[in-house]
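Report on the structure
Okay, here's what each chain looks like letter by letter:
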Amino acid sequence: MGMLAATAHTPCATRINLRMVGQLLNLTELERAWLETAYIWSRSGLALPDVRIIDEAMRWRILGGVLDQSSSSDEMAWIKAAQRLRGLGLVAPRRHRPDGMHWLSDDLMCYSAVIEVLEKRHASHAHLLNELLQPRLDVAEEDFLFGGEREPVFLAHVPPVIEDSYRRYRANKSLCVTHLMALIPWWCDWTAFDVQDLLWLSGRVHLPEIRAAIQTAMRIACQGQRVLTGFDLLKELYAVAA
């Protein structure tokens, strides 16, 4: 955080905001460290040394060292932290690469809009959360490349099914269950749903509604200091589709 003090407009406000976000959303120590490190990493322009991740064990081990959370060896704590931070829209989805490789920076990407919110002063805690928890659809706005009227939207660094979801959204076409099965883990690392759970939602929800439902379910669980369940997610998804 200190290395950014010279470039950040309001470094004191950023510290205060990060602390308040942790308190208002009941983030764990691991999640607070993860969010702060993701902010620093993203704010630095990704100029920090990167590491190729071979498997999940290495992923958590390397992240633990970078976050100074090496003592946390509970894999479920890391999984829940990833689900909460991504579900809330504070940390961006992991980048997709055709070769299947992952890098340390994939877990340390903040949305540019989140960085902007964290770096300015707010009139109240409610104002801070309202600006921070806005549904964000893509990895970064600059990843949107719009062509002509008949050209589909192209998103860099996303799986093919996610890219097709954006094409359909732009063309005002409905999503099928295959898209839903890909979008939910993309936005919140949640992989516990069966096709039958989402079948009724097919053709009834669009990208903004799905993103907002995930974020709402995660926020309610965090503020209620309880673990998110599949029922919580489905409840919000079915509510926006009704």
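The coordinates are above.
Residues numbered from 1 in each chain as written. Predicted model: local features only at pLDDT ≥ 70, side-chain atom pairs only at ≥ 80, totals over all residues. Heavy atoms only, no water.

A count of helical and extended segments in the protein chain gives 11 helices and 4 strands. Considering the protein chain as a whole, with its 242 residues, one finds that 47% of them fall into the buried category. In the protein chain, the share of contacts with a sequence separation of at least 24, taken over all contacts with a separation of at least 6, comes to 65%. (Helix = DSSP H or I, 4+ residues; strand = E, 2+ residues; numbered from the N terminus. Buried < 20%, exposed > 50% of the residue type's maximum accessible area, 1.4 Å probe, protein only. Contact = heavy atoms within 4.5 Å.)

Quick look at the packing of aromatic side chains now. Overall, the coordinates contain 5 aromatic pairs when judged by the stated rule. Taken together, a centroid distance of 6.3 Å and an interplanar angle of 40° make the contact between Trp 190 and Phe 193 tilted. With respect to class, Trp 190 is no different from Phe 193; both count as buried. An aromatic cluster is present here, built from Trp 34, Trp 60 and Trp 78 joined pairwise through their rings. (Phe/Tyr/Trp six-rings, centres within 6.5 Å; stacked < 30°, edge-to-face > 60°.)

Along the chain, Leu 175 falls in the loop between helix H7 (160-170) and helix H8 (177-188). The exposure class assigned to Leu 175 is buried, which follows from its relative accessible area of 4%. Along the chain, Leu 175 and Leu 207 lie 32 residues apart, while their C-alpha atoms are 8.6 Å from each other.

Further remarks concern the nonpolar core. Grouped burial of nonpolar side chains is what soluble globular proteins tend to show. In terms of nonpolar packing, the biggest core is built from 67 residues, with Val 21, Trp 34, Leu 90, Ile 184, Trp 187, Ile 210 and Leu 233 touching the most fellow members. Setting aside residues no more than four positions away along its own chain, Val 21 makes contact with Leu 27, Leu 35, Leu 90, Leu 118, Leu 128 and Leu 132. (Core = buried A, V, L, I, M, F, W, Y, C linked by side-chain atoms within 4.5 Å.)

In this section: helix H10 (residues 207-223). With 17 residues, H10 extends 24 Å between its outermost C-alpha atoms, agreeing within 8% with the 24 Å of an ideal straight helix rising 1.5 Å per residue. The inward-facing, buried residues of H10 contact helix H4 (75-87), H7, H8 and helix H11 (230-241). (Expected span 1.5 Å × (residues − 1).)

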